[in-house]
Structures are given as structure tokens and as C-alpha cells.
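Structural description and commentary
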Amino acid sequence: MLVQQQSLKSSDDDRIAWVRVASVILPLANPVSDAKVLTGRQKPMTEIAILFAEIETVDGHQGLGFSYSKRAGGPGQFAHAKEIAPALIGENPSDIAKLWTKLCWAGASVGRSGMSTQAIGAFDVALWDLKAKRANLSLARLLGAQRDSVRCYNTSGGFLHTPLDQLMKNTDLSREKGIGGIKLKVGQPDCAIDIERVSAVRKHLGDNFPLMVDANQQWDRPTAQRMCRQFEAYNLIWIEEPLDCYDAEGHAALAQQFDTPIATGEMLTSVAEHAEFIKQRGADFLMPDAPRVGGITPYLKVASMAEQAGLMLAPHFAMELHVHLAAAYPTEPWVEHFEWFEPLFNERLETRDGRMLVPTRPGLGLTLSEQVKPWTVQEAETGTRP
């Protein structure tokens, strides 16, 4: 009994000894375009900046976390993470909520949302990964899994730069991989092209195969109303981001008016922003992104509010993380299938019969591949590795 008590005390007294942050530039095979490109607001996406955080404790426990930025912001995230990382040294890794608050206040002069919280997100994910590994549980099990697999849909094959014939081939490839839904990008300046593409894919898939569309915030309110009315005929799972991401009132009006559910939330970067959308009923499907909102700790707050409001959930991007979080939500969510991050890790997620299997390996169940090294553009360490 004495030995057990000493062992528990040692674990409880564990401290963070070493932290490493790295900025990794992940190249995409082809330039990617959505409606923001066609309206001239953004350039085609050719790469993604990944912020990795690695944490190790005095007792040798390790955690891996990540955040990301598309098109711009990667160097800023890295700089902020490097600056606040020393605040973790000497702290108990189990005090995750306390450490989130400490990191937030360490950089509070630049705000409590956006780039600053996205930098915190990498540390927060690493701390949860460490905690789950130390318990020898997958992250999903640590959080209280409701299911061993989750519904998933593919987005990467449905971007606007993809010709219609290739779009059809991509849907077939996704179905062959066991992916259970297809999402198409819409929001082109010529709305007739959107209708043509959605109509063709719906016919190709059949009436009941799960199909979603995503306008990436590019419609004004009158256009969104007209397009939502047109899309009612296609039995869609949802219409995503028909309006500006901060227009909670406008999204709420669409959600109330149309049978097709409205989905949004991926661009929100704080609990407070999500709370306003939930308060105004601005979404039928809420789409929080854990790295963008600041990690798992704030994500769980958003999910709790969404559950209380009776909202459905569809976490955005980063399937390697969100498959665990989706498994723990009471009402079954959808998880977005993007294979873009696969070169970064040695492990692969499995899809079967329209579902994504929740990994059973401890923590996130991820280890970095050798490919990460040549793609690393900046790195910094603080503390002393045990």
C-alpha cells in the first residue's frame, strides 16, 4: 500500500520539464480554390502552416499537439507560441484548464481569440494527449466515448477548381474508401454553375446519399435566400457558411426559414463567439474547430453549450483530432475527411461503411513521420529534456 501511495504521489507531483514548438510547411499536391478565390478575396491555397507542440515531463511522459493556419498566419502563430512556451515549465501537466488560462494571460495584450488562442491550441492538445497516454487511454475514451466510429464526409474532392467530370470520379473514389458523405464547394459568381454541379452530383449519387454544400461565406443575404430556396430540392444534409461567419442573425433567419439545415462556426476563434451563435440559434449544425478555438479545453466548453441548446455538431477539418472529440458528443456528429495531414503522421485513420473508426491507441494515437523534418522551417525549445 505504501508503494502505491508513493507511486501516485510521484505521478501527481510530475512537472513539465521541456517544450518544443515547430513550424512545418505542408505542401499541397495541387493549388486549391473555393469561393473566396473566385470572388478575388484570397489566392489559391498551395500549402498549410502547421504548428506542432511537444511536451515532456520530469517523469518522462510526452504529449504531441498541433494547430494550423491556411494561406497566412503561420509565422505569427509560431512566434506567439515560442514567446509564451516558457510559462509551461515547472507546471503540473494535469492542470490543463489552469495552464490554458495562464497561457492566455501571458499574451492577453494581443487578445483572447484569433492567432493568440490558435497558438495556445497546440499546447492544449499536447497536454490532453499526454494525459490520455499517461492513463493508457485513447483521447476519445478519456473524454468518455459514446461510440467507436463516427459518420464522415469528404471535402477535398469537391473544390471549385475541380472539373465536373473529375468531381464525379472523386465521389466514386470517396465511396470506395468507405466515406459516408460528399461535400461540394459552391459560391461561384455565376450561381447557375453551382446549381448545375450540385444537380449533376446529386443525380450521380442518387437521391439519398448524404450530400452537403459549402459557400465559404461568399453570399449576401438576398443571394443566400435565393440559393437556399433552390437547394431545398436536393435533399442536402446542410448548407454551410452561406453568409459572413459573424452574421449570427442572418444565419438564424435562414435556419428558421428553410428545411435544409444551416451549418457554420468553423471560422470562430473563441468560446464567446460560439456562445453568441448558439444564443441566436445561428446554426443547426455547429462546426467548431478545436485548433482554431484554442484547443480541446475551449472546444469542450463549446460542445457543452451546443449540447444544452440541442444543436448537431460537425467539427471542422483536422480529422486526426476531431474523430476523438466527435466520438464523445452525445448526438452523433459528422467528421470532415481531409487526407491532407496524412504525410505528417505515421498512422492512418480507417474508414469503413460510411464511418471513420476511432483510434484505440493511447492519446491521439499519432507519431510524427520522417517527412516532417525537411518541411520544418522554424523550431524552438525551452526547458531541459529529461
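Residues numbered from 1 in each chain as written. Predicted model: local features only at pLDDT ≥ 70, side-chain atom pairs only at ≥ 80, totals over all residues. Heavy atoms only, no water.

Naming follows an unreviewed UniProt entry, where the protein chain appears as Enolase of Pseudomonas rhizophila. The UniProt entry for the protein chain carries the following text under Cofactor (unreviewed entry): "Mg(2+)". (UniProt positions renumbered as here; feature names shortened; annotations may be inferred.)

**Observations regarding the side chain of Asn 154**
Following the sequence through the fold, Asn 154 ends up in strand β4 (residues 149-154). A residue is classified by how much of its surface remains accessible, and Asn 154, at 5% relative accessible area, is buried. At 3.0 Å, the side chain of Asn 154 forms a polar contact with the backbone nitrogen of Gly 157. Engagement of the side chain of Asn 154 in a polar contact is seen with the side chain of Ser 174, the distance being 3.5 Å. The contact partners of Asn 154, leaving out residues within four places of it in the chain, are Ser 174, Ile 179, Gly 181, Ile 182, Lys 183, His 337 and Glu 339. (Helix = DSSP H or I, 4+ residues; strand = E, 2+ residues; numbered from the N terminus. Buried < 20%, exposed > 50% of the residue type's maximum accessible area, 1.4 Å probe, protein only. Polar contact = N/O pair within 3.5 Å; in protein donor to acceptor, adjacent residues only side chain to side chain. Contact = heavy atoms within 4.5 Å.)

**Digging into the sheet that holds strand β14 (residues 376-383)**
Pairing is antiparallel across the open sheet formed by four strands, whose spatial order is β3-β2-β1-β14. The open sheet has two free edges, formed respectively by β3 (62-70) and β14, since each of these has just one partner strand. Across the sheet, the mean angle separating the axes of adjacent strands is 15° when strand polarity is ignored. (Pairing = 2+ DSSP bridges. Axes fitted to C-alpha atoms, helices over the stretch in contact; angles between N-to-C directions.)

**As for the pattern of salt bridges**
By the definition in use, this model includes 17 salt bridges. Between Glu 56 and Arg 385 there is a salt bridge, and its shortest N-O distance comes to 2.7 Å. Here Glu 56 is found in strand β2 (residues 45-57), whereas its partner Arg 385 is found in the segment after β14, with 329 residues between them in sequence. When its relative accessible area of 7% is taken as the criterion, Glu 56 is described as buried. Given the relative accessible area of 46%, Arg 385 is considered partly exposed. (Salt bridge = Lys/Arg side-chain N within 4 Å of Asp/Glu carboxyl O.)

**Thoughts on helix α11 (residues 271-279)**
Burial in α11 covers these residues: His 274, Phe 277 and Ile 278. What you see down the axis of α11 is that its buried residues fit within an arc of 100°, all on one side. Exposed and facing more than 90 degrees away from the buried side of α11 are Ala 272 and Lys 279. (Arc of directions from axis to C-beta.)

**A closer look at the confidence of the model for the protein chain**
With 97% of its residues at a pLDDT of at least 70, the protein chain reaches an overall mean of 92. Element-level mean pLDDT values for the protein chain span from 45 in helix α1 (residues 2-12) up to 98 in helix α6 (residues 139-143). Across residues 1-10, where pLDDT falls below 50, the model places one contact with residues more than four positions away in sequence or in other chains. (pLDDT = per-residue confidence, 0-100.)

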